[in-house]
Amino acid sequence: MHFKHPEILYFLFVLIVPILVHLFQLRRFKKEHFTNVRFLKALSIQTRKSSKIKKWLLLTCRLLLLTCIILAFAQPFFDSKDSKNATNELYIILDNSFSMQAKGKKGELLKRAIQELLEETPENVNFSLLSNSENYWNTDIKSVRSSLQNLKYSAKPFQLDNTMAKIKAHKSAFKKDIVIITDAVGLDEKQLKNSDATDSPQFIIPKAEQKNNVSIDSVFINKTLDNFYEISVQLSGYGEDFNPIPISLYNNNKLIAKTIVALEPKKKSLNFTIPKQVFHGYVSIVDNGLSYDNTLYFSISKTKKTNVISIGEPEKSNFLSRIYTNEEFNFNNYTLGSLDYNKLEEQNAIILNELDEIPQALQTTLKSFVEKGGNLIVIPSAVASVPNMNSFLMNFGNLKFNALDNKEKLIIKINFNHPIFKTVFENKVTNFQYPKTKNSFGLSSSSPAALSYEDQSIFLTSLANSVAAVYVFSAPINTINSNFQQSPLIVPTFYKMAMNNQNNGINALIIGNNNPHLTDASLNKDDILTVKGSEEQFIPIQQILNNKVKIIFNDYPEQAGNYSIYNKKEWLENISFNYNRTESNLATANENILSDYKTTESITSFFDTLQTDRTDNQIWKWFVIFALLFLISEIAIIRRFVK
């Protein structure tokens, strides 16, 4: 037993006072004379015995009364079960990712968790609250009540390791209690590495009752006709036994198409045909699962011709004019001697077609061209200087030409995951007619090959920066050295290399994906582009690149939707943003990996346990009760013996 105020125990010396009073009574008895004392002798003996008992009882009651009063003021207590952690700091991690939209027994998981926090958190408890999007340090429930009630779902997926790193970086002299409220969707062992067992992390896992969910994964142009686009909508179903799903297509908030789709199989592709014109809208579905992935916003800009220049001999560039047709491209070919360097900045793609040597002035211009978002395609000449080529390619990355090999090779492998071919083929093709080359350079590169020879050496590879790419062939592809011009691969290969980073397709960006976006605009140094939506507007990070502007959005906007890019009041371009679909599959909730961690059922039970284990057992109230009992006993004794 311990005392909160042990110095008060010195007052126990006061107990000597009643003892002295009882031992040295100052009161004297008066003698009374009776006519017959004989009859009072027995009564006198009985009275003396009764008086002694009364005195000892009163002495005992008074001593115990004073002792209990003194002990009560000293406030005795017994240590709690977990008293060593009573000074721990409390951290609450709240998962507000989109998977917490799922419905449990009492509604949406996040809203229910917030309600429990507001109702069950003691007002005198200080804590820090961290969610995917907000941090509140050293606060209490009164201070964050309004913020919690207005907490929105975050486009950021729940990353426990990042949040734990923030807590560890928050230096403190005290140990930490960490309670984590999450549905465990996407939680893996890697994220748990930063959860130090000494910090006593506890998990509260709210469970979804309905785990069926349907999401719209992507939208892309499947076919381009003379007057129409055929767009393809990709749907995914997670769970079992889906009812038919209604799906609608809107342009500028006007319904233009609607149908019903049955999710058999669970991956479904649905096609719509729309006019070949500017589109700024969305496709949406209605299901009983999560709502954040039921709408996908996208934009289709007015088709612009892509500017392409080929630098080389005209007879070697005839095949390019058949690929880059007048309907979609402004294609021109120049010899090195007739090239106007001023026109290079206006191009979207430049092809170096078998130049024997690349002049230093052209190297410098092309380096700037690629840095500002232009695509470069390099086809080597069989008589090119290897040192000259390597000196040029060092400007763009780790790629090196080796000596020319006079050996015929077959091109047999397509990298279907490479950006050139990622959306070209519906199925992986293995039995195509293999093109070949007679002579080829060896290529050393840290980048993966797009096309490879039978000996696994590189035929085509690329070096990419944030806004553009440099594509490099390892061999000349003229008709003397190769039959690649007759291969079906040549059209999609050169088409995609020229069109990379161009805004002629569907525009549907992912919030939080920091890939730069290029907007065609000629700005002054003081001009600033603004992105505006119906409910949100912001100024992104931007860099002027000649007749383009490189924009980086970081974590903006916060809400998915259709937006537009403005230069002051001048409209430049439509753009659309969507949430990442990483939270759509509720079956990825992984509770099994939490077997080594403490779990509790609810916020209520967590605080109840904390209160029970951390609160000292105060017993001073019992001493007050005992003091009252002894006081009552003293009064009763006095009344019993006084007649």
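Scroll up to find the structure this text is about.
Please read these numbers as outputs of a predicted model, since none were measured by experiment.

Each value, and the rule that gives it
Residues numbered from 1 in each chain as written. Predicted model: local features only at pLDDT ≥ 70, side-chain atom pairs only at ≥ 80, totals over all residues. Heavy atoms only, no water. Phe/Tyr/Trp six-rings, centres within 6.5 Å; stacked < 30°, edge-to-face > 60°. Helix = DSSP H or I, 4+ residues; strand = E, 2+ residues; numbered from the N terminus. Buried < 20%, exposed > 50% of the residue type's maximum accessible area, 1.4 Å probe, protein only. Lys NZ or Arg CZ within 6 Å of the ring centre and 35° of its normal. Pairing = 2+ DSSP bridges. Axes fitted to C-alpha atoms, helices over the stretch in contact; angles between N-to-C directions. Contact = heavy atoms within 4.5 Å.

Novice: Help me understand the packing of aromatic side chains in this model?
Specialist: What characterises a pair of aromatic rings is the spacing of the ring centres plus the angle enclosed by the ring planes. The tally for this structure, following the rule as stated, stands at 24 aromatic pairs. Where Phe553 meets Phe577, the ring centres are 4.9 Å apart and the plane angle is 80 degrees; that geometry is what we call edge-to-face. Of this pair, Phe553 sits in the loop between β34 (548-552) and β35 (561-567) while Phe577 is found in strand β36 (residues 570-578), placing the two residues 24 residues apart along the sequence. Accessibility assignment for this pair places Phe553 and Phe577 in one class, buried. Here a set of aromatic residues connected by ring pairs shows up, and it is made of Phe319, Tyr453, Phe459, Phe473, Phe484 and Phe494. Over the ring of Tyr453 we find Lys409, and its NZ or CZ is 5.0 Å from the ring centre. One cation-aromatic arrangement involves Lys532 over Tyr566; the distance from NZ or CZ to the ring centre is 5.1 Å.

Novice: Mind showing me how you'd approach the sheet that holds strand β14 (residues 267-275) here?
Specialist: By way of backbone hydrogen bonds, the strands of a sheet pair with one another, either parallel or antiparallel. Read across the open sheet, the 3 strands follow the order β10-β11-β14; overall the sheet is antiparallel. Each having just a single partner strand, β10 (213-224) and β14 make up the two edges of the open sheet. Taken over all neighbouring pairs, the strand axes of this sheet differ in orientation by 25 degrees on average, direction set aside. For strand β11 (residues 228-238) and β14, the ladder comprises 9 bridges, and the chain directions are antiparallel. Residue pairing for β14: Gln234 is matched across the bridge by Ser269.

Novice: When you look at the environment of Ile256 in this model, what are you seeing that I'm missing?
Specialist: Residue position: Ile256 is located in strand β13 (residues 254-261). Exposure remark for Ile256: the relative accessible area of 42% places this residue in the partly exposed category.

Novice: Where do I start with unusual backbone geometry in this structure?
Specialist: Most peptide bonds are trans, and most residues other than glycine sit at a negative phi. Residue Pro265 is reached from Glu264 by a cis peptide bond, and omega for that bond is 5 degrees. Relative to the helices and strands, Pro265 resides in the loop between β13 and β14. Across the junction of Tyr556 and Pro557, the peptide omega takes the value -5 degrees, indicating a cis bond. Note on placement: Pro557 falls in the loop between β34 and β35. Its identity as a non-glycine residue notwithstanding, Glu354 has a phi of 60 degrees, on the positive side. Examined against the element boundaries, Glu354 turns out to sit in the loop between β19 (349-353) and α7 (360-371). Residue classification places Glu354 among the buried residues on the basis of a relative accessible area of 7%. Although it is not a glycine, Lys568 sits at a positive phi angle of roughly 60 degrees.

Novice: Just checking my understanding: could you explain the sheet that holds β19 for this structure?
Specialist: A sheet is described by the order of its strands in space; here 9 strands give the open sequence β18-β17-β19-β20-β27-β26-β25-β22-β23, paired in mixed fashion. Since the sheet does not close on itself, it has two edges, and those belong to β18 (329-334) and β23 (436-437), each with one partner. Note: strand β25 (residues 449-453) against strand β26 (residues 458-464), 3 bridges, orientation antiparallel. The residue bridging Leu451 from the neighbouring strand is Leu460, located in β26. Most of the contacts of α7 go to β19, to which it runs at about 145 degrees, and overall it touches β17 (306-312), β19, β20 (375-379) and β27 (469-473). Across the sheet, helix α9 (residues 490-499) is in contact with β17, β18, β19, β20, β26 and β27; its angle to β20 comes to roughly 140 degrees.

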